[in-house]
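Residues per chain, in single letters:
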Amino acid sequence: EGMALPQRILPPEKICMGWQQRQRPGAGLFNLGNTCYINVILQCLTHTAPLANYLLSHKHSQSCQQQGFCMMCTMEAHVRKVLCSSASTVLPGAVLRDLKFIGEEFEYGRQENAYEFLRCTLSAMHRACLSGRCDSDVSSQETTIIYRIFRGFMKYRVTCLSCQAVADSYKAFLDVSLDIRVRASSLTTVLEDCVTPKQLGQECFRCSKCKKKAAASKKVTVHRAPRVLMLCLERADQCTGTKISKFVEYPEYLDLRPYMSDTAGEPLLCSLYAIVVHSGDTCLEGHFFCYTKASNGLWYKMDDESVDNCDIHTVLGQQAYLLFYAR
C-alpha cells in the first residue's frame, strides 16, 4: 500500500515477545550525578522482553564486526550484568563513557531529557545492527531487530472536501509523542482525538483532482502497529515552556484496534510493562524514576540504586511521562 517491500530481511531473527526464561528483577543503577535520565531508559529497555531475549542470546556479539564503539554490544553486556549477575546495584560505565557516541548533544554531568536519550539509544542500536551492511537497499536496512520490535507505520489520509478525492501517505515511527494540553483526561481520550479528522484550511492543500487549492480534512491512524509501542505524554508546554503536571489516566491493557486504519477485526491488545516518571516543578530540572514489570510478572519501582516491589495500582496512579506497551 505505497510502501516498498525489503529485498531481504536483516537479520532473520525470530522475535519472542514473552520472556524466554525467568530472570531476577533487574539490579539498581548507580547515579553518578544527573544520570537518572540514562538509568530509567536503560531499565525500561532491559525489561523489554523481546529485546532482552535477543541480547541475552549473544546473537549480535557473536557476529559483530564493528570496530570500536557498538551500542548493541554495549547493551548486550549491560543487560546481562543487570539481569544475570548477583550484584544489587551496577554501574552503567560503558554507556556513560561512550555517551557522545550515543548522542552528540549529551554532556556527562548535565541533566538531560529521558525521551531524547531513548530516541538516541534506539538510533545507535539500529546503526550498530547495520554495521557492514551498508550495501543493502533502504527497505532492507529498515528490518533490523530494533525496527522489527519498535517500528510501526502511521497512515495520513487527506480528503478533498470539494470533490472527495483521497490521498494517502505513510510514515514510519519508533515512538509516538502525544499532546496532552487539550482533552487529556485519559490516554484513550488523547488517542481518540488523534484519529479524529481535522479540517485543513484552503491554503494548506492543493487537490490533484480539482487542480486547485481546496479545503480538506486530514485523518491520522495507526496503519501497522509495532510489537512494542512507546508513547510520550508531552509534559513541556510548547507555548509557555512550563511543565504540564496534570494526571492523565492510562490503562494496564490498551486496545489499539479503535485507532487503526482498519478498525474491524479482533482487538489488538497491548500490555503495559514500563513507565517513566519525571518529578520536579519544571522540565529543565528534577528527577527521573521508572516502574518496570519483571519476568516474574511483578512490578518494581526503580529509582537509581533502589529497586522496590510495588503493585499495579501504584503504577497506574503516576504522573507518567513515557509509557511502554507490548503486544
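Refer to the structure presented above.
Source: prediction; values computed, not measured.

Conventions and cut-offs
Residues numbered from 1 in each chain as written. Predicted model: local features only at pLDDT ≥ 70, side-chain atom pairs only at ≥ 80, totals over all residues. Heavy atoms only, no water. Helix = DSSP H or I, 4+ residues; strand = E, 2+ residues; numbered from the N terminus. Rg over C-alpha atoms; globule rule 2.2 N^0.38 Å. Buried < 20%, exposed > 50% of the residue type's maximum accessible area, 1.4 Å probe, protein only. Contact = heavy atoms within 4.5 Å. Areas by Shrake-Rupley, 256 points an atom, 1.4 Å probe, with all protein chains shown as cover. Lys, Arg positive; Asp, Glu negative; His and termini not counted. Charge placed at Lys NZ, Arg CZ, Asp CG, Glu CD. 1 Å grid on protein atoms, 1.4 Å probe; cavity = no way out; pocket = protein on both sides within 12 Å on 5 of 7 lines; lining within 4 Å. Points joined across faces, edges and corners; volume = space filled by probe spheres on them. Nonpolar A, V, L, I, M, F, W, Y, C, P; charged D, E, K, R; others polar. Polar contact = N/O pair within 3.5 Å; in protein donor to acceptor, adjacent residues only side chain to side chain. Phe/Tyr/Trp six-rings, centres within 6.5 Å; stacked < 30°, edge-to-face > 60°.

A.B. asks: What exactly am I supposed to notice about the overall build of the protein here?
C.D. replies: Regarding its fold elements, the protein presents 11 helices and 16 strands. A globule of 327 residues ought to have a C-alpha radius of gyration of about 20 Å, and the protein, at 21 Å, matches this closely. Each principal axis of the C-alpha atoms in the protein carries an extent, and together these give about 65 × 50 × 40 Å. In the protein, which comprises 327 residues, the share counted as buried stands at 49%. A sequence separation of at least 24 residues applies to 67% of the contacts in the protein between residues at least 6 apart. For the protein, the exposed surface amounts to about 15500 Å²; the carbon and sulfur share of it is 50%. Taking the average location of the 37 positive side-chain charges in the protein and that of its 32 negative ones, the two points are 7 Å from each other.

A.B. asks: Would you mind going over empty space enclosed by the protein with me for this structure?
C.D. replies: The method is simple in principle: a probe with the dimensions of a water molecule rolls over the atoms, and the space it marks as empty is what remains. A full pass over the atoms with the stated rule returns 1 cavity of 30 Å³ or more. By volume, the largest cavity is sized at about 40 Å³. Forming the boundary of the largest cavity are Tyr115, Leu118, Asp175, Met230, Leu231, Cys232, Leu322, Leu323 and Phe324. Those elements that place two or more of their residues in the lining of the largest cavity are helix H7 (114-129), strand E10 (228-234) and strand E16 (320-326). Class assignment for the residues of the lining of the largest cavity results in 8 nonpolar, no polar and 1 charged.

A.B. asks: I'm lost on the side chain of Glu112 in this one. Help?
C.D. replies: Residue position: Glu112 is located in the loop between helix H6 (99-102) and H7. Of note is the side chain of Glu112, whose polar atom sits 3.2 Å from the backbone nitrogen of Glu107. Engagement of the side chain of Glu112 in a polar contact is seen with the side chain of Arg110, the distance being 2.8 Å. With sequence-adjacent residues up to four places away left out, Glu112 is seen in contact with Tyr37, Glu105, Phe106, Glu107 and Phe288.

A.B. asks: Explain the packing of aromatic side chains here, please?
C.D. replies: By convention here, two paired aromatic rings are described through the distance between centres and the angle between planes. Tallied over the entire structure, the rule returns 7 aromatic pairs. An angle of 90° between the planes, with centres 5.6 Å apart, marks the rings of Tyr37 and Phe117 as edge-to-face. Of this pair, Tyr37 sits in helix H1 (residues 36-46) while Phe117 sits in helix H7; the two residues are 80 residues apart in sequence, bridging distant segments of the chain. Per residue, the accessibility class of Tyr37 equals that of Phe117, and both read buried. Aromatic pair Phe106 and Phe117: ring centres 5.5 Å apart, planes at 70°, arrangement edge-to-face.

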